[in-house]
Amino acid sequence: MNIKTAITITLASVLLLTLFSTQARAQNLGQSAGSLVFNVSLGGNQTLSYTIFDGGSADIAYTVSPPQYNPVGNNINPTVTVTPLSGTLQPGQQTTVLVSVSMPATDQVGVKWDGIMQVLASTNASNPGGAVIQGGLGKEVIIYSNAPPPKKGFSISSQALYIIAGVIVAVVVVCAAAFALKMRKPAARKRGGGSDEGTQKRIAALEQELKSLKGKGK
Amino acid sequence: MYADRSRILGVAIAAGIASGVFLALLALQLGVQVAYATNQIAPNVILSLTVPAGCEISLNTQSISFGTITASQNSLTTSQNVLDTNGGNGGAVIAVSGSNWVSGGNNFGVSNTVYSSSSSTSYASGTALTLIPANTAIVVGSSSSTNVWFGLGIPAGQVASTYSQNIIITNVC
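Quick caveat, the model's predicted, so the values are computed rather than measured. (Residues numbered from 1 in each chain as written. Chains lettered and ligands numbered in written order. Predicted model: local features only at pLDDT ≥ 70, side-chain atom pairs only at ≥ 80, totals over all residues. Heavy atoms only, no water.)

## With respect to the overall build of chain A
Looking only at helices and strands, chain A has three helices and nine strands in total. Seen in sequence order, chain A has helices and strands lined up from the N terminus as α-β-β-β-β-β-β-β-β-β-α-α. Scored against the burial criterion, the 218 residues of chain A give a buried share of 25%. Taking the contacts inside chain A whose residues are at least 6 apart along the sequence as the reference set, 73% of them involve residues at least 24 apart. When the accessible area of chain A is evaluated, it comes to approximately 14500 Å², of which 60% is carbon and sulfur surface. (Helix = DSSP H or I, 4+ residues; strand = E, 2+ residues; numbered from the N terminus. Buried < 20%, exposed > 50% of the residue type's maximum accessible area, 1.4 Å probe, protein only. Contact = heavy atoms within 4.5 Å. Areas by Shrake-Rupley, 256 points an atom, 1.4 Å probe, with all protein chains shown as cover.)

Structure representation (structure tokens):
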């Protein structure tokens, strides 16, 4: 074997080794589909989860970047915490990512935040004079602020509200009936007594007319 | 007396299987030594398996280079590509973000990098890269691949140096 043949074989081996290494490093990071939609009461918190997995043939070290939200006027952005923040998945392995949202108590109701959370495959690549490309998965995280629930101890069930409303209606009806009855009696007394001045004058006029008729009859 | 015996079953889901609920009937084959009661229900087990929809990501490269570009010039078109492969059973939308270009104490903004779904997009028509992940509206379907093309412009007066940047490509689903 001469030197030229040896160099050729060595270069071919390096090329094959490089190709094999490239194939062996193939990473395929996956996740379950669907946005995470939070409806969080003011001062409250909520936790949702989803699954990430390694669908390739090599280990995948990953890091998690929580979603970034642009500020909403007069509101404090909710706090988002993610568990785990990093880890390593083996081929075929999956893990659950927990996302928790805490809503400030002083925020307004009906505010929406929308951002993308990232699970990125770790890389130690460097590329002076160019860009390093890092791949990963994005999960849309949408957060709505809701009204806080009624305070405990003062909560009234809808059934109790119906009973209270019924009692109030009954009391009003009874009072109205009593009032109407009371108003009816003086009116009746007025009609039967004939004590007003107009009636007296009319009676006097009728008596006078009766007298004149009697006089004519004589 | 017959001893109770249990068996743990495992299921492997092949890549690219469509999402949905799958059912299977597992018929147990019993040995001759097993005694039946006359009213015994046939020892069959219905297996239920739910395969959720999901997306995956695999990129063909970990770096791109724009060569040498002088100050106030640009790459003319979105000339550098990254092939994004989604091996999952559900589609995804590509989101991109990046960092500022840095070289020691010198730097220039992330937005000087632009992207497009086409290689023929002029630099001026490309969409500027941002620090926060942005939805590109570029769809990569299930079990398919899509290119994202990048271009670069150098601000006028930028100090000559060898700059580098990080670009993040994610499949959102």
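Next comes the rest of the description.
## Description of the nonpolar core
The biggest cluster of nonpolar side chains holds 53 residues, and the ones touching the most others in it are Ile 143 of chain A together with Phe 150 and Ile 169 of chain B. Here this core gets five residues from one element, more than from any other, and that element is strand β9 (residues 130–146) of chain A. Beyond its immediate sequence surroundings of up to four residues, Ile 143 of chain A is in contact with Phe 38, Val 40, Tyr 69, Pro 78, Val 80, Val 101, Met 103, Val 111, Lys 112 and Trp 113 of chain A. (Core = buried A, V, L, I, M, F, W, Y, C linked by side-chain atoms within 4.5 Å.)

## Here's the deal with the pairing of strand β9 (residues 113–116) of chain B
Residue and element names in this part refer to chain B. Residues Thr 113 and Tyr 115 point to one face of β9 and Val 114 and Ser 116 to the other, with burial holding for every one of them. As defined by bridge partners, β9 adjoins strand β12 (residues 144–152) across four bridges and the pair is classed as antiparallel. Each bridged residue has a counterpart across the sheet, and for Val 114 the counterpart in β12 is Gly 151. (Pairing = 2+ DSSP bridges.)

## Some thoughts on the state of the cysteines
Among covalent bonds in proteins, the disulfide is the one between the sulfur atoms of two cysteines. Residue and element names in this part refer to chain B. Counted by the stated rule, this structure contains one disulfide over all chains. Here Cys 55 pairs with Cys 173 through a disulfide, and the sulfurs are 2.2 Å apart. Of note, the bridge from Cys 55 to Cys 173 carries an S-S torsion of about -80 degrees and is left-handed in sense. A residue pair is termed long-range when its members are at least 10 positions apart, and Cys 55 in strand β3 (residues 54–59) and Cys 173 in the segment after β13 (165–172) qualify at 118 residues. Here Cys 55 falls in the buried class, since its relative accessible area comes to 0%. (Disulfide = S-S within 2.5 Å.)

## Focus on the interface of chain A and chain B
It is common to give the size of an interface as the accessible area that goes away when the parts come together. With 30 residues of chain A in contact, the opposing surface of chain B contributes 31 residues. Buried surface at the junction of chain A and chain B, summed over both partners, amounts to about 2500 Å²; 54% is from carbon and sulfur atoms. Where chain A packs against chain B, one counts zero salt bridges. Our count for the contact surface shared by chain A and chain B stands at 21 residue pairs in polar contact (both at pLDDT 80 or more). Residue classes in the side of chain A that touches chain B are distributed as eleven nonpolar, 17 polar and two charged. (Buried area = accessible area lost by both parts, 1.4 Å probe. Salt bridge = Lys/Arg side-chain N within 4 Å of Asp/Glu carboxyl O. Polar contact = N/O pair within 3.5 Å; in protein donor to acceptor, adjacent residues only side chain to side chain. Nonpolar A, V, L, I, M, F, W, Y, C, P; charged D, E, K, R; others polar.)

## Digging into the sheet that holds strand β5 (residues 80–86) of chain B
Spatially, nine strands are ordered β5(A)-β7(A)-β3(A)-β1(A)-β3(B)-β5(B)-β12(B)-β9(B)-β10(B) in an open sheet, and the strand pairing comes out antiparallel. The sheet is open, and its two edges are formed by β5 (79–83) of chain A together with β10 (127–128) of chain B, each paired on a single side.

## A short note on the side chain of Asn 28 of chain A
Residue placement: Asn 28 of chain A occurs in the loop between α1 (3–24) and β1 (29–32). Separated by 2.6 Å, the side chains of Asn 28 of chain A and Glu 56 of chain B make a polar contact. The contacts of Asn 28 of chain A, once residues within four sequence positions are left out, are Phe 53, Asp 54, Gly 55, Gly 56 and Ile 60 of chain A together with Glu 56, Ile 57 and Ser 58 of chain B.

## Comments concerning unusual backbone geometry
Looking along the chain, the bond that leaves Thr 83 of chain A and enters Pro 84 of chain A is cis, with omega of -5 degrees. Position of Pro 84 of chain A relative to the elements: it lies in the loop between β5 and β6 (86–89). At Asn 74 of chain A, a residue that is not glycine, the phi angle is positive and equals roughly 65 degrees. Mapping Asn 74 of chain A onto the fold places it in the loop between β4 (60–65) and β5. What makes Asn 74 of chain A exposed here is its relative accessible area of 75%. In the Ramachandran plot, Ala 137 of chain B falls in the positive-phi region, its phi being about 65 degrees despite a non-glycine side chain. Note on placement: Ala 137 of chain B falls in strand β11 (residues 134–140).

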